[in-house]
Amino acid sequence: MPKDQPELDTSPPVSDEVRKTTCYMCACRCGINVHMKDGKVAYIEGNRDHPVNQGVLCAKGSAGIMQHNAPSRLRKPLKRVGERGEGKFEEIEWDEAYDIATGWLAPLRETAPEKLAFFTGRDQSQSFTSFWAQGFGTPNYAAHGGFCSVNMAAAGIYTMGGAFWEFGQPDWERTKLFMLFGVAEDHDSNPIKMGIGKIKARGARMIGVNPIRSGYNAVADDWVGITPGTDGLFIMALIFELFRAGKIDLDYLARFTNASVLLNGDPKSPEHGLFLRDDDGNPQVIDRRTGHLAPWDGEGVEPDLNGSYRHAGVTHAPAFHKMAERFMDPTYAPDKVAGRTGIPADRIRAIAADLARVAFDEAIEVDQEWTDFRGKVHPKMIGRPVSFHAMRGISAHSNGFQTCRALHTLQIILGAVETPGGMRFKPPYPKPATAHPKPHHGFKPGQALDGPHLGYPQGPEDLCLQPDGSASRIDKAFTWENPMSAHGLMHMVISNAHAGDPYKIDTLFMYMANMSWNSSMNTSGVMDMLRDKDENGDYVIPHIIYSDAYSSEMVAFADLILPDTTYLERHDCISLLDRPICEADAVADAIRWPVVEPDRDVRGFQSALCDLGARLGLPGFVNDDGNQKYADYADYITNHIRRPGIGPLAGWRMGDKGLQHGRGNANEGQLQSYIDNGGFWMEHVPPQAAFYKPFSKAYQEWAVEKGFYDSPQPYIFQLYVEPLRRFQLAAQGHGPIQPPEHLRARTKLLMDPLPFWYAPMGDATSDPAEFNVHALTQRPMAMYHSWGSQNAWLRQLHSHNPLYVPTKIWDQHGFKDGDWARVTSPTGEITVPVAHMAALNENTVWTWNAIGKRKGAWALDKDAPEATKGFLLNHLIHELLPEKDDGMRWANSDPITGQAAWFDLRVKIEKSAAPAESQPVTPPQTTPVPQGPDKLAWKVGK
């Protein structure tokens, strides 16, 4: 080094302490190292020891600093003093806020608990919030899943005991062909990016199926620009080709699915099409060894796909026969579906051939012995290295449930679920539908609900109906309108409450659910409903309590605000009871903890519920002497026992011989153990249980040890979903509980026990010639719901959103850069800026979701681009379909699960003169927090 060269510190310390916790900038739940300096957050990086992200962190995670310091943070409890929607409040103390809330809620609990509607957004504490609602006694509880991806989750649970993302993942280490369907760029972002990187490094192939080629699809080896709403038709065509070519795993289907289970073949029987059962209720198969009937799980039984049973002149055949009939229907031949899907027939055939070639010609083996539930010892684990991943893109359609079931079926017939190289479940999944609770709706004044709100119905007897046939729930979940609505229908709560259908409510209580803006269909209409008054001048929905950390659009419509903390200021529990952080090779859960204390008079919402629960005397929230049971949410996490030995966290529980994992008693030092371990607990799945989890004796025994369930519960995949057949039989006139006449034909058609495709319901209610363009939204990697687009760092990536237009439409209308377009649907109109995108389905336009903001919200300047150029497609979407000939208006939802059909939207597009601002313009709301500064910097220390 030269003599006079100065010595430079090229790696100065960025902190004087590192605190490890869990990110909340999206739902990946990555581990983060929060660097502290002078007691403040200085820098956030990924935790390399964390099982989810292994040190990888995206732009959102790094920008958590600006989320924590956002000018829009609420500062104190607020009481409305103006009209709803204006945003005028006065600050009050917490005791007054609790008094107001208790004054509204206590009389309801004692007289009519159903008049409380309690719905939460993606808060990741649903096991806790549902516990609170159950104690209150209201049947009206659910979270965000009904307007997000319930089709995927419910289809997966009913078909195979789990689905993608939080239930399962591709075998990134071994897969050779990976197909990705309709995944938004913020969903499971870091793990998917890491996984794609692994398969790319190995030279494996990736096929992206999405109308839009952005994000993950941009790095796919092949892009299939499918027509929206036709994914199920494309998948059924792939299945058709595989069946036609005989490229299906028959041994896997016979052993590990109900393809071998016999169906009642008597068309005169009220059990026609149900499983043939013995006197103990066990579904029957034909045992290849004997040719006789045997229970599906009998010791040593070798189920036969071909054998049948004839009794009293009736032939009872395996479900596989029905499968072959359905899946070889010429309706699904590639030549028949090509025009509708936009995918040439030859390309469909080529993809099917590639799936077959990789699954069977490139099969892999893991040299690991394992024993199945029938006692058969398998010397090796046979792998079909084809994997799939899908999410909201194929789920958020009114045909999404059957589409998702078709995709699960495609995996299964290849033998590519829970086998090496295929799709793998994440503990505590898989869990079949029968291992989950059924929905409960028995409410009585002054009492807790009779069981969990949400679940998986097994037939009409499990619907949430009152004796007169009306809905028990305000969202009409678990009714004949949507019988299997496992996550509820949050998108229908406000419109039903406003209409008083099926009854009026008194109090709407919501947490982190921006229902007056980007989380509602028919945004303008919902705002009108929230502020509507009756003939007496009273609000139609009398009371609204809302909790949020930020001054969102929904804040303006509340009567009482309970201000939440940011994610760095509170305890959270990412629990095995709820949405754990597991990976396929390990079980894990995690916490958040206050790495900094709030500098405002705010409280974590879960802790506020502990306080309210005690004031209301809710069971589970008070001791026998009536005193508050849990001082706060941390106390609940530590000491709550859901069932003997099982609490919110599985790590570091107390046993007879000290600390143990999985089952055990409460441990006062549990949270500190998590903090000391980086904020998470993890235990690897034993090697002999790594695959074939539903069928493996070793996995079942390990799952009982860890507390996933209390006894071994092996099962086989349900390609033929018998509960659907039970609903179908009721619609055909069997049984004491039958659908209303106007829903009978729909139920018979759609509740099919085998997957099939039907056109999105909106296609039949709008003129496809006039509304000839599909319109979609998706979230960018840099944003998550509404939160990201207020973030000072992330706003620089997406400060407004154009409508992306494909080349064909761009040229048809003579669009040029800087142009605007009028976009019209059957229910609304917007005028917005447009941009050209060539890598897009030729009949589809799209935009980013949740960039557009209402003026006055989020502490943004009134002329911020998010409010002047940003926009929502939600103004074009209605929560109800247009009126039918019989005067009925059906929900704009999947008719089986109630999943909001966001992506069924059809529009027409016209060139427009450029307005001063995106249309429609919503009047500004007054903000209860000061507007943020023009420049927001964050620097701590020297």
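Remember, predicted model here, so these are calculated numbers, not experimental data.

1. Some points on the overall build of the protein
- In terms of helices and strands, the protein carries 23 helices and 35 strands.
- Taking 942 residues into account, the globule formula puts the C-alpha radius of gyration at 30 Å, and the protein, at 27 Å, falls close to it.
- Principal-axis analysis of the C-alpha atoms places the extent of the protein at approximately 80 × 80 × 70 Å.
- Counting the 942 residues in the protein, one finds 65% classified as buried.
- Pairs at least 24 residues apart make up 71% of the contacts formed inside the protein by residues separated by at least 6 positions.
- Accessible surface, the protein as shown: approximately 32,400 Å² in total, 49% of it carbon and sulfur.
- Positive and negative charge centroids in the protein, built from 95 and 114 side chains respectively, lie 3 Å apart.

2. What about helix H9 (residues 319-327)?
- The set of residues buried in H9 consists of Ala319, Phe320, Met323 and Phe327. Viewed along the axis of H9, the buried residues span an arc of 100°, placing them on a single side of the element.
- Among the structural elements, helix H7 (231-245), helix H8 (250-256) and helix H13 (400-413) are those in contact with the buried residues of H9.

3. So, the pairing of strand E10 (residues 205-209)
- Of all five residues in E10, four are buried; the element is thus mostly enclosed.
- Direction of pairing for strand E9 (residues 177-181) relative to E10: parallel, over a ladder of five bridges. Bridge pairing in E10 places Leu180 opposite Gly208.
- After leaving E9, the chain enters helix H6 (residues 189-201) and then returns to the sheet as E10, a path that is right-handed.
- Pairing geometry for E10 and strand E11 (residues 222-224), over three bridges, is parallel. Bridging from a neighbouring strand, Ile207 pairs with Asp222 of E11.

4. Topic: the sheet that holds E10
- Read from one edge of the open sheet, four strands run E11-E10-E9-E20, paired in parallel fashion. Sheet topology places E11 and strand E20 (386-390) at the edges, where each strand pairs with a single neighbour. Along the sheet, successive strands turn relative to each other by an average axial angle of 15°, direction set aside.
- Summarising the sheet, E9 and E20 pair through five bridges and their orientation is parallel. Of the residues in E20, the one forming a bridge with Phe181 is Ala390.
- Relative to the sheet, helix H11 (residues 345-361) contacts E9, E10, E11 and E20, its axis offset from that of E9 by approximately 135°.

5. A word on the packing of helix H20 (residues 722-731) against helix H21 (residues 741-750)
- Between H20 and H21, the least distance of the axes is 8 Å, while the angle of their chain directions is 145°. As for the relative orientation of H20 and H21, their crossing is left-handed in sense. From H20, Phe727, Gln728, Ala730 and Ala731 reach across to H21, where they touch Arg744, Thr747 and Lys748.
- When the residues that make up the contact of H20 with H21 are grouped by side-chain class, the tally is three nonpolar, two polar and two charged.

6. Looking at the environment of Glu241
- With respect to the element layout, Glu241 can be found in helix H7.
- In this structure Glu241 comes out as buried when scored by relative accessible area, which is 7%.
- Through-space distance from the C-alpha of Glu241 to that of Tyr715 is 28 Å; in sequence the pair is 474 residues apart.
- Ignoring any residue separated from it by four or fewer positions in sequence, one finds Glu241 in contact with Pro334, Arg349 and Ala352.
- Separated by 3.0 Å, the side chains of Glu241 and Arg244 make a polar contact.

7. Considerations on the side chain of Arg374
- Secondary-structure assignment places Arg374 in the loop between strand E17 (370-371) and strand E18 (377-378).
- Within the buried core, Arg374 has no salt-bridge partner, and the shortest N-O distance to an opposite charge, that of Asp372, equals 5.1 Å.
- At 2.8 Å, the side chain of Arg374 and the backbone oxygen of Trp296 are in polar contact.

8. Details of the state of the cysteines
- All told, the structure shown has zero disulfides when counted by the stated rule.
- With no disulfide of its own, Cys23 has Cys30 as its nearest cysteine by sulfur position, at a separation of 6.3 Å.
- With a relative accessible area of 7%, Cys23 lands in the buried category.
- The thiol of Cys148 is not disulfide-bonded; the next cysteine sulfur, from Cys404, is found 12 Å away.

9. Here's the deal with the packing of aromatic side chains
- All told, the structure shown has 43 aromatic pairs when counted by the stated rule.
- Centre to centre, the rings of Tyr511 and Phe605 are 4.1 Å apart; their planes meet at 20°, and the pair counts as stacked. With Tyr511 in strand E22 (residues 507-511) and Phe605 in helix H16 (residues 605-615), the pair connects residues that are 94 residues apart, well separated along the chain.
- A relative accessible area of 0% places Tyr511 in the buried class.
- One aromatic cluster is present, built from ring pairs that chain together Tyr252, Phe256, Trp370, Phe425, Tyr692, Phe695, Tyr715 and Phe717.
- The ring of Tyr539 has Lys533 sitting right over it, with the charged end atom 4.9 Å from the ring centre.
- One residue, Arg746, lies across the ring of Trp890, its end atom 4.2 Å from the ring centre.

What counts and what doesn't
- Residues numbered from 1 in each chain as written.
- Predicted model: local features only at pLDDT ≥ 70, side-chain atom pairs only at ≥ 80, totals over all residues.
- Heavy atoms only, no water.
- Helix = DSSP H or I, 4+ residues; strand = E, 2+ residues; numbered from the N terminus.
- Rg over C-alpha atoms; globule rule 2.2 N^0.38 Å.
- Buried < 20%, exposed > 50% of the residue type's maximum accessible area, 1.4 Å probe, protein only.
- Contact = heavy atoms within 4.5 Å.
- Areas by Shrake-Rupley, 256 points an atom, 1.4 Å probe, with all protein chains shown as cover.
- Lys, Arg positive; Asp, Glu negative; His and termini not counted.
- Charge placed at Lys NZ, Arg CZ, Asp CG, Glu CD.
- Arc of directions from axis to C-beta.
- Pairing = 2+ DSSP bridges.
- Right-handed = clockwise from strand over helix to strand, strands pointing away.
- Axes fitted to C-alpha atoms, helices over the stretch in contact; angles between N-to-C directions.
- Left-handed = near helix turned anticlockwise from the far one by under 90°.
- Nonpolar A, V, L, I, M, F, W, Y, C, P; charged D, E, K, R; others polar.
- Polar contact = N/O pair within 3.5 Å; in protein donor to acceptor, adjacent residues only side chain to side chain.
- Salt bridge = Lys/Arg side-chain N within 4 Å of Asp/Glu carboxyl O.
- Disulfide = S-S within 2.5 Å.
- Phe/Tyr/Trp six-rings, centres within 6.5 Å; stacked < 30°, edge-to-face > 60°.
- Lys NZ or Arg CZ within 6 Å of the ring centre and 35° of its normal.

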